[in-house]
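So you can see what is in the structure, the chains are spelled out below.
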Amino acid sequence: KSMVLKHHPDKRKARGLKVGDGEDDYFTCITRAYEILGNKLKRRSYDSVDPQFDNDVPPADEESKKNFFKVFGPVFERNSRWSNRRTAPSLGTDSTSIEDVNRFYTFWYDFDSWREYSYLDEEEKEKGENREERRWIEKQNKAARQRLKKEETARIRQLVDNAYACDPRVIRYREEEKEKKEAQKRAKKEAARQKALEEERIKQEALDEERKKKEKEEEEAKAQAAIAKKEKEAQKRLLKKERKTLRTVAKDKNYFTDAEDEKVTNMADVDRLADQLSLLQLQTLNEAMAADEGSRAKEAFSEAVQELNKQIEEEKQRHLEALQKQSGGDNSQGSKKSWSEAEIQCMIKAVNLFPAGTKERWEVIANFIHQHVPTSNKNAKDVLHKAKELQKNDVFLKQNADKKAFENFEKNVKSANVQANPKEGVVSERFESVGEQQVREQGTNPAPWSPEEQKLLEQALKSYPASTADRWDRISECISTRSKKDCMKRYKELVEMVKAKKAAQDATTKKK
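Keep in mind it's a predicted model, so treat the numbers as computed, not measured.

Novice: Explain the overall build of the protein chain residue by residue, including any values.
Specialist: Of the regular secondary structure elements, the protein chain holds 20 helices and 0 strands. Burial analysis of the protein chain (512 residues in total) assigns 25% to the buried set. Here the analysis covers contacts within the protein chain between residues at least 6 apart in sequence; of these, 63% occur between residues at least 24 apart. Accessible area of the protein chain: about 37,500 Å², with a carbon and sulfur share of 51%.

Novice: An account of helix 8 (residues 131–166) is needed here, citing residue identities and associated values.
Specialist: Look at helix 8: 52 Å from first C-alpha to last across 36 residues, which is about the 52 Å you get at 1.5 Å a residue. Among the residues of helix 8, I137, N141, L148, E152, R155, I156, L159, V160, N162, A163 and C166 are the ones counted as buried. For helix 8, the N-terminal capping position is held by N130, with its side-chain oxygen 3.3 Å away from the main-chain nitrogen of E132.

Novice: Describe the pattern of salt bridges, naming the residues involved and giving the relevant values.
Specialist: Applying the stated criterion to the full structure yields 24 salt bridges. Residue E205 pairs with R201 through a salt bridge whose shortest N-O separation is 2.5 Å. Here E205 and its partner R201 are both found in helix 9 (residues 168–252), 4 residues apart, which amounts to about one turn of the helix. Judged by its relative accessible area of 42%, E205 falls in the partly exposed class. Owing to a relative accessible area of 38%, R201 belongs among the partly exposed residues under this scheme. Between E493 and R490 there is a salt bridge whose closest N-O contact spans 3.2 Å. With E493 and R490 both in helix 20 (residues 484–511), this residue pair falls 3 residues apart, about one helical turn. Several salt bridges share partner residues, and in doing so they unite R115, E152 and R155 into one network.

Novice: Which residues make up a positive patch on the surface, and what values do they have?
Specialist: Taken together, the side chains of K125, R131, R134 and R135 present a region of like positive charge at the surface. Counting through the fold element by element, R135 comes out in helix 8. Relative accessible area serves as the criterion here: at 56%, R135 is assigned to the exposed category.

Novice: Give me the lowdown on the packing of aromatic side chains, citing residues and values where you can.
Specialist: Evaluated as defined, the whole model comprises 15 aromatic pairs. Ring geometry for F104 against W108: centres 6.3 Å apart, planes inclined by 55 degrees, an arrangement best described as tilted. A residue pair is termed a helical-turn pair when its members lie 3 or 4 positions apart in one helix, as F104 and W108 do in helix 7 (residues 98–109) at 4 residues. Judged by centre distance (6.1 Å) and plane angle (80 degrees), the ring pair of F107 and F111 falls under edge-to-face.

Novice: Tell me about helix 9, residues and numbers included.
Specialist: Between the first and last C-alpha of helix 9 there are 122 Å, a value that for 85 residues agrees with the 126 Å anticipated at 1.5 Å per step. Every buried residue belonging to helix 9 is among R169, V170, L239, E242, L246, V249 and A250, and all of these are buried. Positive phi appears at N254, one or two residues downstream of helix 9, with a value of about 60 degrees.

Novice: Break down the packing of helix 13 (residues 341–353) against helix 14 (residues 361–372) for me, citing the residues and quoting the values.
Specialist: At their nearest, the axes of helix 13 and helix 14 sit 9 Å apart, and the two run at 135 degrees to each other. On the basis of the axis angle, helix 13 is oblique to helix 14. Judged by the sense of rotation from one axis to the other, the crossing of helix 13 with helix 14 is right-handed. Listed contacts from helix 14 to C346, M347, A350, V351 and L353 of helix 13 are R361, W362, I365, F368, I369 and H372.

Novice: Go over the nonpolar core with me, naming the residues and quoting the values.
Specialist: Proteins that are soluble and globular tend to have nonpolar side chains buried together. Ranked by internal contacts, the top residues of the largest apolar core, which has 21 residues, are F68, F72, F76, Y105 and W108. Elements that contribute at least two residues to this core include exactly helix 6 (68–79), helix 7 and helix 8. Among the elements that line this core, the one with the most residues is helix 7, at 6 residues. With near-sequence residues (within four places) excluded, Y105 lies in contact with F68, V160, A163, Y164, D167 and V170.

Novice: Lay out the confidence of the model for the protein chain in plain terms, naming residues and giving numbers.
Specialist: Caution applies to low-pLDDT parts of the model: their predicted coordinates are not meant to be read in detail. Model confidence for the protein chain is summarised by a mean pLDDT of 80, while 86% of its residues fall at 70 or above. Mean pLDDT across the secondary structure elements of the protein chain bottoms out at helix 17 (residues 434–442), with 50, and peaks at helix 9, with 91. Taken together, the stretch residues 330–335 has pLDDT below 50 and engages in 8 contacts with residues farther than four places along the chain or on a different chain. With pLDDT under 50 throughout, residues 420–431 is counted as low confidence; its partners more than four residues away or in other chains account for 7 contacts.

Novice: Please provide a residue-by-residue account of the side chain of N79, values included.
Specialist: Among the secondary structure elements, N79 is positioned in helix 6. Accessibility expressed as a relative area gives 0% for N79, which makes it buried. At 2.6 Å, the side chain of N79 forms a polar contact with the side chain of R155. Residues within four places of N79 in sequence aside, it is in contact with F53, W108, F111, R155, I156 and L159.

Novice: Account for the side chain of R490, with residues named and values stated.
Specialist: Under the relative-accessibility criterion, R490 is labelled buried at 18%. A polar side-chain atom of R490 sits 3.0 Å from a polar atom in the side chain of Q454. Ignoring any residue separated from it by four or fewer positions in sequence, one finds R490 in contact with W449, Q454 and L457.

Novice: Tell me what's going on with a nonpolar patch on the surface, and back it up with residues and numbers.
Specialist: A cluster of nonpolar side chains, namely L37, Y46, Y119 and L120, defines an oily patch on the protein surface of about 370 Å² accessible area. Following the sequence through the fold, L120 ends up in the loop between helix 7 and helix 8. Taking the relative accessible area as the measure of exposure, L120 reaches 46% and is therefore partly exposed.

Novice: Break down the packing of helix 7 against helix 9 for me, with residues and values.
Specialist: How two helices sit against one another is set out by the angle between their axes and by the gap between those axes. Following both chains from N to C, one finds helix 7 and helix 9 inclined at 120 degrees, their axes separated by 11 Å at the closest point. Classed by the angle they form, the pair helix 7 and helix 9 counts as oblique. Judged by the sense of rotation from one axis to the other, the crossing of helix 7 with helix 9 is left-handed. In this structure, helix 7 uses I98, V101 and Y105 to contact helix 9, whose residues at the interface are R169, V170 and Y173.

Rules and cut-offs
- Residues numbered from 1 in each chain as written.
- Predicted model: local features only at pLDDT ≥ 70, side-chain atom pairs only at ≥ 80, totals over all residues.
- Heavy atoms only, no water.
- Helix = DSSP H or I, 4+ residues; strand = E, 2+ residues; numbered from the N terminus.
- Buried < 20%, exposed > 50% of the residue type's maximum accessible area, 1.4 Å probe, protein only.
- Contact = heavy atoms within 4.5 Å.
- Areas by Shrake-Rupley, 256 points an atom, 1.4 Å probe, with all protein chains shown as cover.
- Expected span 1.5 Å × (residues − 1).
- Polar contact = N/O pair within 3.5 Å; in protein donor to acceptor, adjacent residues only side chain to side chain.
- Salt bridge = Lys/Arg side-chain N within 4 Å of Asp/Glu carboxyl O.
- Patch = residues over 30% accessible without salt bridge, like charges linked within 9 Å, V, L, I, M, F, W, Y side chains within 5 Å.
- Lys, Arg positive; Asp, Glu negative; His and termini not counted.
- Charge placed at Lys NZ, Arg CZ, Asp CG, Glu CD.
- Phe/Tyr/Trp six-rings, centres within 6.5 Å; stacked < 30°, edge-to-face > 60°.
- Axes fitted to C-alpha atoms, helices over the stretch in contact; angles between N-to-C directions.
- Parallel < 35°, antiparallel > 145°, perpendicular 65-115°, else oblique.
- Left-handed = near helix turned anticlockwise from the far one by under 90°.
- Core = buried A, V, L, I, M, F, W, Y, C linked by side-chain atoms within 4.5 Å.
- pLDDT = per-residue confidence, 0-100.

So this is what it looks like as structure tokens:
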């Protein structure tokens with residue numbers, strides 16, 4: 001207002017000063033300045049583009065690191081004028097605590113600036129002729145302001161980043177933290193090493209203690225074994241002496257008889273007594289026989305023989321009762337049912353066909369028997385007990401099976417000899433095997449398939465698939481002892497066996 005009173009054109013005219021015309025008068029500049037500086041928003045916009053403000057950012061180089069506080073201190077103080085918060089923290093000194101340093105950088109990384117650039121708008125919105133033009137001018141001005149605001153934000157961030165990278169307090173703190181972590185890591189490793197050494201020491205002490213204890217036990221065991229061995233040898237010597245005394249006394253008394261037959265029997269009884277009586281019994285018997293004369297010695301001998309025979313009979317009886325009890329238990333568990341030869345043969349075949357590990361094995365075997373022997377009434381429990389019984393008598397069954405197999409083989413050989421040599425009593429000379437002769441004469445070989453022949457058949461079936469021409473001729477060429485008819489017949493048997501196995505398993509599954 002003082003400027004208006006002093007420089008207003010009317011006031012100057014009154015004082016007799018020269019006044020310019022309209023816009024040419026300098027009072028117009030005063031008026032425009034007042035319009036901007038007197039308005040708070042326009043004043044802030046004008047101050048934001050202060051041409052005298054230094055926007056430079058110091059670089060992050062060695063020079064900045066050496067003179068950090070001298071280089072960055074004035075810059076932060078200069079830029080703090082743009083903060084919306086009144087009190088901005090200072091950069092501090094080299095002795096400032098790391099907590100204050102962190103607060104300083106937190107403030108500047110979250111710096112809230114009031115600086116804006118509406119003063120640099122290229123066009124004024126009010127000059128637009130219509131609403132659309134004014135909107136377009138506002139849009140252009142807003143885009144320009146945002147771009148300048150982003151540049152200002154990037155400048156402040158660059159300033160803070162460079163300062164943080166050059167700050168000796170931050171570098172020192174990082175090194176201290178790194179050294180602290182390394183020290184903790186070393187301490188942890190050392191603690192783990194000490195713990196491992198302690199555990200190893202404890203383990204070694206335990207092993208040493210256990211070893212000493214074991215050595216002590218072994219020494220005691222050896223000492224006890226030596227004592228027991230000495231006692232056993234002494235017992236053997238005493239037993240040997242008493243046995244010799246028994247035989248000597250019996251011999252001196254002419255085995256208590258004059259009859260030769262009875263003497264032989266008594267000699268055998270003396271040997272049995274010497275072998276089976278204990279040391280105490282032998283001593284008692286020898287004392288009784290040596291002290292008494294005549295019939296009293298013979299009575300003592302007879303009583304000892306009778307007692308020995310009684311003990312032997314009791315032992316036999318106990319053994320027979322145990323066997324009968326075991327046999328009765330087996331019969332009570334379901335083996336009382338009678339088995340036909342067809343059922344047994346079918347069961348043996350099924351046991352081989354369904355090995356151990358087959359799911360619900362004994363139910364599957366029972367179903368297999370029912371399929372091949374319709375009259376069978378055996379269940380899984382009966383099959384299990386019969387299999388155990390056959391396993392106990394495995395030696396006898398094997399011998400019987402071998403005998404039957406030899407009889408069948410002998411029968412086949414004789415029939416072949418009769419066909420080859422119709423004249424009775426004439427022995428033929430054969431230079432080929434029975435299988436080869438039967439293949440040549442009959443076209444088939446009735447002998448059972450050996451594992452080698454089975455293996456050759458399986459390999460030939462894999463080598464010549466169903467699409468191969470003359471497949472069975474080629475397969476039979478791979479097995480010299482079998483004809484084409486034999487190979488086809490064996491293949492059908494294997495197929496039927498697989499089908500029967502699958503049917504038995506399916507029947508068990510359905511039943512479950």
